[in-house]
Amino acid sequence: MKFCALEMKGIRHFSQKKIDFTEGLNIVYGPNESGKSTILDSLIASVLKPTEKEITSLIQWNASHSEINLVYKIDSHTFTITRVLHPVVKDLLGGDGLILEDSQEIQDMLEEHLGFADKTLFENSTVVKQNEMQILQEEGSRTVVRDRVRSLISGVPERSTDEALAFLEKNIREAESFLENTKEKVPSMEEELSQYKGIEEELTDVETRLTVYENDLKRDQSLLSGYDVLLQYREAETEYKGLVKIVEEVENVEAYKRRLPVREKELVQKLQEELEKISGQQDRTIEERRKTRLVLTEEKSKLSAIDDELEGVTPEKANIFSKVASIFKRSSRAKSEELAARRVEVSQDVARLEDLSEQYEEQLVELRRKFQEKGERLRQLMERCGEYENWSVDMLESRRKEYESKIERILGGTTREELEQNTDAVRRKADELRALLVKNYPDLKEREDTERISIEKEKLAEIIVEWKEKIAGLKAQIELLSSKASKREVLTEELKTLQKEREEKTLQMKADEIAHDVITLVYEDLKEEFAPELERRAETLLTRITQERYQDIIVKKEDLDVLVKVPEKSEPVNVEVLSQGTRDQLYLSLRIALSELLSGDKNPPLLFDEAFYTFDEDRLKETLEILKEIAQTTQVIVFTHDESYAEYGNPIPLKRMRS
Amino acid sequence: MASRKGTLSVIEAFQKKMEEVIAAEEDEEQKRILEKALERGLQALEGRRQ
C-alpha cells in the first residue's frame with residue numbers, strides 16, 4: 001500500500017490543503033504548528049475510521065464543511081477514501097470500478113488494503129512517534145522495551161502473550177476451584193432431591209381426593225340449602241295459616257260485634273216513643289173529634305129547633321099566630337129575623353164543626369197510617385233484636401266494647417290492615433319459597449315432615465362440618481406438598497444449572513488448558529524463531545546507525561529481554577546504561593526490525609513522527625540513509641521540524657500557520 | 001486479519017495451529033473442545049476487546 005495524495009478541507013488549521021506523496025521516502029518538514037501532526041492524524045483517520053472524539057479534534061472550529069480525501073495505491077490499483085466529518089459524518093470509498101458508501105463495507109475493504117483491523121495495531125507496527133521514544137527516557141526502560149517487543153510479537157497491542165497466558169492460568173485456577181468446591185454439592189443435591197421422590201404423584205392423589213370431597217361438599221351444601229328452603233317454606237306456610245286463623249278469629253268477633261243490635265235497640269226505643277206519641281195524638285184527636293161531634297150534634301139540634309121554630313108551625317098555631325101576628329105583628333117579624341140570624345150563625349158553626357170533624361178524621365187516618373207503619377218497623381226491629389230482646393242498649397254497648405277489646409287482643413298491637421298486609425306478604429313469601437323449591441329441589445317439594453327434615457338437616461350440617469374439616473386438611477396437605485414440589489423444582493433447576501455450569505466450566509477449563517498449552521508452544525517457537533531474527537535485523541541497523549560502536553544485541557529467547565554488548569564491557573548490559581540517544585537508536589532499530597518482521601504483505605507505509613530528535617548528526621544521517629534504502633520497497637514518511645532531512649527524500653515543506 | 005509475509009505473531013500462529021489441529025480432529029466432542037480452546041485463546045490474547 002502506498003499513499004499518493006492527501007487532501008484536507010476544514011481540518012484544524014487547514015481550510016484547504018493537498019499533499020502529494022512519492023512512493024519512496026517523503027520528508028514532511030516545517031516548524032512547530034505547521035500542521036505535521038494534523039497530516040499524520042489525517043492519514044490515520046483516513047485509513048482507520050476515526051472515533052467521535054478524534055473527529056471533534058480534527059474539525060476546524062469555524063468550518064462549514066470538514067473533509068479528508070486520501071488517494072492510495074494497491075499494486076497498480078488506485079483508490080480514494082473520503083471521510084466527510086462535518087456537518088454530517090459520511091464515508092465513501094471508490095476506485096478500481098468500485099464505489100462503497102456503507103461504513104462497515106468501507107472499513108472491511110480498508111482493512112483488506114491496509115492489512116490491519118486495529119488502529120493501535122497499525123500504529124504499533126508502522127508508526128513511530130516522538131512520544132513513544134520518550135517512554136525510553138523513563139526509569140525501567142529495559143522493561144518497557146521488552147514489553148513493547150513482547151506486545152508487538154503477540155500481535156495484539158493491548159496485551160502481551162505473557163498476560164494472555166496469565167489470564168488463562170487464572171481462569172483455569174478459578175474453574176478448578178469452582179469444580180472442586182461444587183464437586184460434593186451435586187451428589188448432595190441429588191440426595192436431597194431423592195427425598196422428594198413421588199411427591200408429584202402424592203400431590204395428584206391428594207388433589208383428586210380434594211376434588212371428590214369438594215363435590216360431595218357441594219352436593220350436601222345444596223341439599224342443606226334445599227332443607228333450609230323447605231323449612232322456611234313450611235314455616236311460612238304455618239305462619240300464614242296462623243295469620244289466616246287470626247284474621248278469621250277477628251272476623252268472627254267482628255261478626256259477633258256486628259250482630260249486636262245496639263242501633264236497633266235505640267231505634268226500637270225511639271219507635272216506641274214515637275208510637276206512644278202518635279197514640280197520644282190519636283187519643284187526643286179522637287177526643288177532640290168526639291167533642292166536636294157532640295157540639296155539632298148540639299148545634300144541629302139547635303138548628304133543627306130554629307128550623308122548627310121557623311117552619312114547623314101548625315094551622316092552629318098559624319091562626320093563633322096570625323092573630324098574634326096581627327097583635328104582635330111587629331114582634332113576630334123581629335123574632336123571625338132574630339131566628340134567621342141565629343140560624344145563619346148556627347149553620348156556620350155546624351159547617352165549621354163539620355170541617356173540623358173531617359179534619360180530625362183525616363188526622364186520625366194519617367196517624368193510623370203512621371202508627372201502622374212505625375208499628376210494622378218496630379215489629380221488624382223487635383224481630384231482629386230477637387235474643388237481645390231483653391238487653392238494654394247499655395248492655396249491648398258494653399258487649400260491643402268487649403268484642404272490640406278482644407279484637408285488639410287478637411291483633412296484638414297491629415291494625416287489621418297491617419294484619420292483612422302481613423298475611424299477604426307471608427303468602428307471597430311462601431309462594432316464592434315454594435317456587436324455589438319446585439325449581440331447585442323438586443325432590444323435597446312434597447315433604448311435610450319438617451321435624452324429620454330438621455333432624456336430617458342437623459345431621460347434614462354435621463356432615464358438612466366434617467367435609468370442611470377434611471377439605472381443610474387436604475388443602476393443608478396440598479400446600480405442604482406444593483411447597484415441597486416447588487422446592488423440588490427449584491432444587492432440580494439449581495442442580496441442572498449447577499451441572500450445566502460445571503459442564504461449561506469443565507469445557508472452558510479444558511479449552512483454556514489447551515489454549516494455554518498451544519499459546520505457550522507457539523510462543524516458545526516464535527521466540528525461538530523470532531529472537532535471533534530480531535537480533536540479527538536490529539543488530540544490522542544499530543551497527544550502521546552507531547557506526548559500528550554497538551554491534552551486538554542480545555534478545556533473550558525466554559523472555560525477549562533485550563541486552564546490548566558495549567565495547568568497554570565483557571558482558572552485555574541493560575539498555576538503561578546506554579545514553580538516551582543510543583537507547584532511542586536501539587529502540588528504533590528494534591522497531592524497524594519488528595516492522596519488517598511483522599508487516600503484512602500489504603506493505604503499509606512506515607511513518608516516523610519526530611522520532612530522531614535525540615540523534616546526533618552522524619547517526620541521524622545514517623538513519624536517514626537506512627530509511628532511504630527501506631523506502632525502495634516500503635513507502636516511508638518522516639515528519640520533522642528539521643529542514644536538513646529534506647535532501648534525503650521527497651521534500652514536503654510546511655509553513656507555520658497563521659491563526 | 002490478513003496473513004503476513006513476515007514472521008507470524010503469536011495470535012496468528014496460535015490461530016493457525018489451532019485450525020490445523022481442529023481440521024485434523026475427527027472426534028466431535030474433542031473438536032468442540034478444540035474450537036472452544038481457539039475461541040478462549042483468542043479472547044485471552046485479544047484481552048478485553050471481545
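Definitions and cut-offs
- Residues numbered from 1 in each chain as written.
- Chains lettered and ligands numbered in written order.
- Predicted model: local features only at pLDDT ≥ 70, side-chain atom pairs only at ≥ 80, totals over all residues.
- Helix = DSSP H or I, 4+ residues; strand = E, 2+ residues; numbered from the N terminus.
- Contact = placed C-beta atoms within 7 Å.
- Buried ≥ 20, exposed ≤ 12 C-beta atoms within 10 Å, placed from the backbone.
- Expected span 1.5 Å × (residues − 1).
- Core = buried A, V, L, I, M, F, W, Y, C linked by C-beta atoms within 7 Å.
- Pairing = 2+ DSSP bridges.
- Axes fitted to C-alpha atoms, helices over the stretch in contact; angles between N-to-C directions.
- Parallel < 35°, antiparallel > 145°, perpendicular 65-115°, else oblique.
- Nonpolar A, V, L, I, M, F, W, Y, C, P; charged D, E, K, R; others polar.
- Left-handed = near helix turned anticlockwise from the far one by under 90°.
- pLDDT = per-residue confidence, 0-100.

## Considerations on the overall build of chain A
At step 1: For chain A, the helix and strand inventory stands at 16 helices and 14 strands.
At step 2: Taking contacts inside chain A between residues at least 6 apart in sequence as the whole, the part at least 24 apart equals 77%.

## Details of the overall build of chain B
At step 1: Check the secondary structure of chain B and you find 2 helices and 0 strands.
At step 2: The proportion of buried residues among the 50 residues of chain B is 34%.

## A short note on helix α1 (residues 10-24) of chain B
At step 1: Relative to the 21 Å expected for 15 residues at 1.5 Å per residue, α1(B) spans 21 Å between its end C-alpha atoms, a close match to the ideal helical length.
At step 2: Of the residues making up α1(B), those classed as buried are V10(B), I11(B), E12(B), A13(B), F14(B), Q15(B) and M18(B).

## Digging into the nonpolar core
At step 1: Judged by nonpolar contacts, the single largest core of 95 residues is most densely connected at I519(A), L534(A), L590(A), V638(A), V10(B) and F14(B).
At step 2: Element by element, the count of residues in this core is highest for helix α14 (residues 450-545) of chain A, at 15 residues.
At step 3: Judged by nonpolar contacts, the second largest core, of 10 residues, contains V229(A), L230(A), V426(A) and L433(A).

## Thoughts on the sheet that holds strand β3 (residues 25-29) of chain A
Residues and elements named next belong to chain A.
At step 1: Read from one edge of the open sheet, 5 strands run β8-β12-β13-β3-β14, paired in parallel fashion. Two strands lie at the open edges of the sheet, namely β8 (127-129) and β14 (650-653), each paired on one side alone. Adjacent strand axes in the sheet meet at a mean angle of 15°, parallel and antiparallel pairs treated alike.
At step 2: As judged from the 4 bridges shared by β3 and β14, these two strands associate in the parallel manner. Each residue of the ladder has a partner; that of N26, found in β14, is N650.
At step 3: Sitting on the sheet, helix α16 (residues 617-630) is in contact with β3, β12 (606-609) and β13 (636-640), with an inclination near 150° to β13.

## A closer look at helix α2 (residues 28-46) of chain B
Residues and elements named next belong to chain B.
At step 1: Given a rise of 1.5 Å per residue, 19 residues ought to cover 27 Å, and the 27 Å separating the end C-alpha atoms of α2 matches this to within 8%.
At step 2: What α2 keeps buried is the set I33, L34, A37, L38, R40, G41, A44 and L45.
At step 3: G47 sits one or two residues past α2 and shows a positive phi near 70°.

## Topic: the sheet that holds strand β2 (residues 14-20) of chain A
All names here are of chain A.
At step 1: Read across the open sheet, the 6 strands follow the order β2-β1-β4-β5-β6-β7; overall the sheet is antiparallel. Taken across any chain shown, the strands that pair with only one partner, and hence form the sheet edges, are β2 and β7 (98-100). Put simply, the sheet's adjacent strands are angled 10° from each other on average, direction ignored.
At step 2: The pairing of strand β5 (residues 77-86) with strand β6 (residues 90-95) spans 6 bridges and is classified as antiparallel. Bridge pairing in β6 links T82 to L92.
At step 3: Against the sheet, helix α1 (residues 36-47) contacts β1 (2-11), β2, β4 (66-74) and β5, and its axis sits at roughly 110° relative to β1.
At step 4: Packed onto the sheet, helix α3 (residues 103-114) meets β4, β5, β6 and β7 and runs at close to 50° relative to β6.

## Section: the pairing of strand β10 (residues 562-565) of chain A
Residues and elements named next belong to chain A.
At step 1: Side chains V562 and V564 of β10 all project onto a buried face; the interleaved residues L563 and K565 project onto a face where none is buried.
At step 2: Here strand β9 (residues 552-555) folds back onto β10, and the loop between the two strands holds 6 residues, one of which, L560, carries a positive phi near 60°.
At step 3: Note that β10 and strand β11 (residues 573-574) share 2 bridges and pair antiparallel. Bridging from a neighbouring strand, L563 pairs with N574 of β11.

## Description of the packing of helix α9 (residues 199-259) of chain A against helix α12 (residues 393-411) of chain A
All names here are of chain A.
At step 1: Contact geometry for α9 and α12: axes closest at 9 Å, N-to-C directions at 170°. Comparing the axis directions of α9 and α12 gives the class roughly antiparallel. Contact residues: I246, E249, V250, V253, E254, Y256 and K257 in α9; R400, Y403, E404, K406, I407, I410 and L411 in α12.
At step 2: Its residues assigned to classes, the contact of α9 with α12 shows 8 nonpolar, no polar and 6 charged.

## Some details on the packing of α9(A) against α14(A)
Residues and elements named next belong to chain A.
At step 1: Packing of α9 against α14 leaves a shortest axis separation of 8 Å and a crossing angle of 155°. Relative to α14, the element α9 is oriented roughly antiparallel. The two elements α9 and α14 cross, and the hand of that crossing is left-handed.

## Quick look at the environment of Y227(A)
Residue and element names in this part refer to chain A.
At step 1: The residue Y227 is located in helix α9 in this model.
At step 2: Considered as a pair, Y227 and Y441 are 214 residues apart in the sequence and their alpha carbons are 8.8 Å apart.
At step 3: Sequence-distant contacts of Y227, that is, excluding residues within four places in its chain, are made with I453, E456, K457 and L460.

## Points about the pairing of β3(A)
Taken residue by residue, a regular strand's side chains alternate between the two faces of the sheet.
Residues and elements named next belong to chain A.
At step 1: Of all 5 residues that make up β3, 5 are buried, and the element is covered over most of its length.
At step 2: Burial along β3 is two-sided: the face carrying L25, I27 and Y29 and the face carrying N26 and V28 are both buried.
At step 3: Bridge analysis of β3 against β13 gives 5 bridges, and the strand direction is parallel. When the bridges of β13 are listed, L25 appears paired with V636.

## Overview of the environment of N440(A)
At step 1: In this fold, N440(A) is placed in helix α13 (residues 416-440).
At step 2: For the pair N440(A) and L223(A), spaced 217 residues apart in sequence, the C-alpha separation works out to 9.8 Å.

## A look at unusual backbone geometry
Residue and element names in this part refer to chain A.
At step 1: Going from H86 to P87, the amide bond is cis rather than trans, its omega being 5°.
At step 2: Position of P87 relative to the elements: it lies in the loop between β5 and β6.
At step 3: Its identity is not glycine, yet D96 carries a phi of approximately 55°, on the positive side.
At step 4: Mapped onto the secondary structure, D96 falls in the loop between β6 and β7.
At step 5: One non-glycine residue, E548, lies in the positive phi region at around 70°.
At step 6: Tracing the chain through its elements places E548 in the loop between α14 and β9.

## Side note on the environment of K9(A)
Residue and element names in this part refer to chain A.
At step 1: Considering the arrangement of structural elements, one finds K9 in strand β1.
At step 2: K9 sits 56 residues away from H65 along the chain, and the two C-alpha atoms are 7.2 Å apart.
At step 3: In this structure, K9 is in contact with Q16, H65, S66 and E67, ignoring residues within four places of it in sequence.

## Topic: the confidence of the model for chain B
All names here are of chain B.
At step 1: Per-residue confidence for chain B gives a mean pLDDT of 80; residues scoring 70 or more make up 78%.
At step 2: Confidence drops under a pLDDT of 50 for residues 1-5, and excluding neighbours within four residues, the segment shows 12 contacts in the predicted structure.
At step 3: Across the assembled chains, the prediction reports ipTM 0.91 with pTM 0.52.

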